[in-house]
Amino acid sequence: MSAPIPPGHAVPAAPGDAPVPPGDAVTDLLGLVALGELLAFDRMAADARLAPDLRRRAALSEMAAAEIANYRRVADRLTALGVRPDDAMAAYVTPLQAYHDSTEPRDWAEAVTKAYVGDAITDDFLREIAVALAEPERQLVLDVLHESRYAEFAAAEIRLAIVADPTVAGRLSMWARRLVGEALSQAGRVAAADHGALTALIAASGQVEVAGLFRRLTAAHTARMVAAGLNN
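Caption draft 1: Up close: the overall build of the protein chain. When helices and strands are counted, the protein chain shows 10 helices and zero strands. For the protein chain, the N- to C-terminal ordering of α and β elements is α-α-α-α-α-α-α-α-α-α. Relative to its full complement of 232 residues, the protein chain shows a buried share of 48%. At a minimum sequence separation of 6, the contacts of the protein chain that also span at least 24 residues come to 84%. Summing over all exposed atoms, the protein chain offers an accessible surface of approximately 10,400 Å²; the carbon and sulfur share of this is 61%.

So this is what it looks like as C-alpha cells:
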C-alpha cells in the first residue's frame, strides 16, 4: 500500500544508462511481484472478516479485488514473455508465505497496520527498482503499486484506534516493528531463492545504489510511522 507521505525518492536514470531488457532477472522480478499480489489478495480477503462493520469490510474487500486484478496483469505479461506464471512464482512461495504465516493479525487494528506498513515498504522498494527496467515492464511495475487512498484509509483507521484507546499506540508500534523485522528476515531467503538475480538486475542497471536504497526505505518507513501516530 502506498504511503500517504512522500516515499524515498527514486534514483533517476543517469545519462547513458540503458534499462535492463526482459530476461531471467526481469521475469524473476515479475514472478516475485505476481506472487506478492496473489498472497496479498488472500490476506486482505481473510482480514476483511476482522472489520468491525460492513463499511470497513467492504473497503478492505475492495483492496483485495485490486490485488487480484494486479496479479492478473503481471501474470499476463509473464505469459506474453513465454514464462508460465506459476513457474516464475515458485521459488518465492516459501519465503513469502512464511512472512504472512508469521504475521497473522489478531484484530482489525493489526490487520490495517500490516497493510499500511508492509505493503508500503514493498511499494517503495518496487518504485526504486522500476528504474532498472525497460518498457513495458517498468510501467507495469509502477502501475501495480497500491493506490494512496488505501494507505490513507489504513492510516486513518490506525489513528482512530489510537484515539479510542491511547494504549493501542504502543502495541501497534511493536507490531509494526515486528512486521519490518519479519520482512527483513525473509528478504534474505528471497535473495537466495532467485540466486542473486534481483541483485544482478540492480547492479546491471547502474541506476540504484544499494546502501542508499535502504537508507531511503528506512527514512520513508520512519516518516510513515509518525504520520499514523506510531513510534518507530
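Caption draft 2: Up close: helix 7 (residues 148-164). The end-to-end C-alpha separation of helix 7 is 24 Å, in line with the 24 Å expected for 17 residues at 1.5 Å each. Within the span of helix 7, buried status applies to Tyr150, Ala151, Phe153, Ala154, Ala155, Glu157, Ile158, Ala161 and Ile162.

Caption draft 3: Region of interest: the packing of aromatic side chains. Applying the stated criterion to the full structure yields one aromatic pair. Geometrically, the ring pair formed by Trp108 and Phe153 is edge-to-face, given 6.4 Å between the ring centres and 70° between the ring planes. Pair noted here: Trp108 is in helix 5 (residues 108-129) and Phe153 is in helix 7, with a separation of 45 residues, a long-range link. By relative accessible area, which is 15% here, Phe153 ends up buried.

Caption draft 4: Structural detail: the pattern of salt bridges. Applying the stated criterion across every chain yields a total of 15 salt bridges. As a salt-bridge pair, Arg77 and Glu137 come within 2.7 Å of each other at their nearest N and O atoms. In this pair, Arg77 is assigned in helix 2 (residues 54-80) and Glu137 in helix 6 (residues 137-143), connecting sequence segments 60 residues apart. Judged by relative accessible area, Arg77 falls into the partly exposed class, the value being 22%. We classify Glu137 as buried; its relative accessible area is 1%.

Caption draft 5: A look at unusual backbone geometry. Of note, the bond from Glu135 into Pro136 is cis; its omega dihedral lies within 30 degrees of zero at 5°. By secondary structure assignment, the location of Pro136 is in the loop between helix 5 and helix 6.

Caption draft 6: A look at the side chain of Ser173. Checked against the element boundaries, Ser173 lands in helix 8 (residues 168-193). A distance of 2.8 Å separates a polar side-chain atom of Ser173 from the backbone nitrogen of Asn231. Once residues within four sequence positions are removed from consideration, Ser173 is found in contact with Met225, Leu230 and Asn231.

Caption draft 7: Inspection of the packing of helix 5 against helix 7 at higher detail. Packing of helix 5 against helix 7 leaves a shortest axis separation of 9 Å and a crossing angle of 140°. The hand of the helix 5/helix 7 crossing is left-handed. Here Trp108, Ala109, Val112, Thr113 and Tyr116 of helix 5 come into contact with helix 7, specifically with Ala151, Phe153, Ala154, Ala155, Glu157, Ile158 and Ala161. Looking at side-chain class alone, the contact of helix 5 with helix 7 contains 10 nonpolar, one polar and one charged residues.

Caption draft 8: Representation of helix 4 (residues 93-102) in the model. Along helix 4, the positions that sit buried rather than exposed are Pro95, Leu96, Tyr99 and His100. The arc that holds the buried residues of helix 4, viewed along the axis, is 130°, so those residues lie on one side.

Procedures and definitions
- Residues numbered from 1 in each chain as written.
- Predicted model: local features only at pLDDT ≥ 70, side-chain atom pairs only at ≥ 80, totals over all residues.
- Heavy atoms only, no water.
- Helix = DSSP H or I, 4+ residues; strand = E, 2+ residues; numbered from the N terminus.
- Buried < 20%, exposed > 50% of the residue type's maximum accessible area, 1.4 Å probe, protein only.
- Contact = heavy atoms within 4.5 Å.
- Areas by Shrake-Rupley, 256 points an atom, 1.4 Å probe, with all protein chains shown as cover.
- Expected span 1.5 Å × (residues − 1).
- Phe/Tyr/Trp six-rings, centres within 6.5 Å; stacked < 30°, edge-to-face > 60°.
- Salt bridge = Lys/Arg side-chain N within 4 Å of Asp/Glu carboxyl O.
- Polar contact = N/O pair within 3.5 Å; in protein donor to acceptor, adjacent residues only side chain to side chain.
- Axes fitted to C-alpha atoms, helices over the stretch in contact; angles between N-to-C directions.
- Left-handed = near helix turned anticlockwise from the far one by under 90°.
- Nonpolar A, V, L, I, M, F, W, Y, C, P; charged D, E, K, R; others polar.
- Arc of directions from axis to C-beta.

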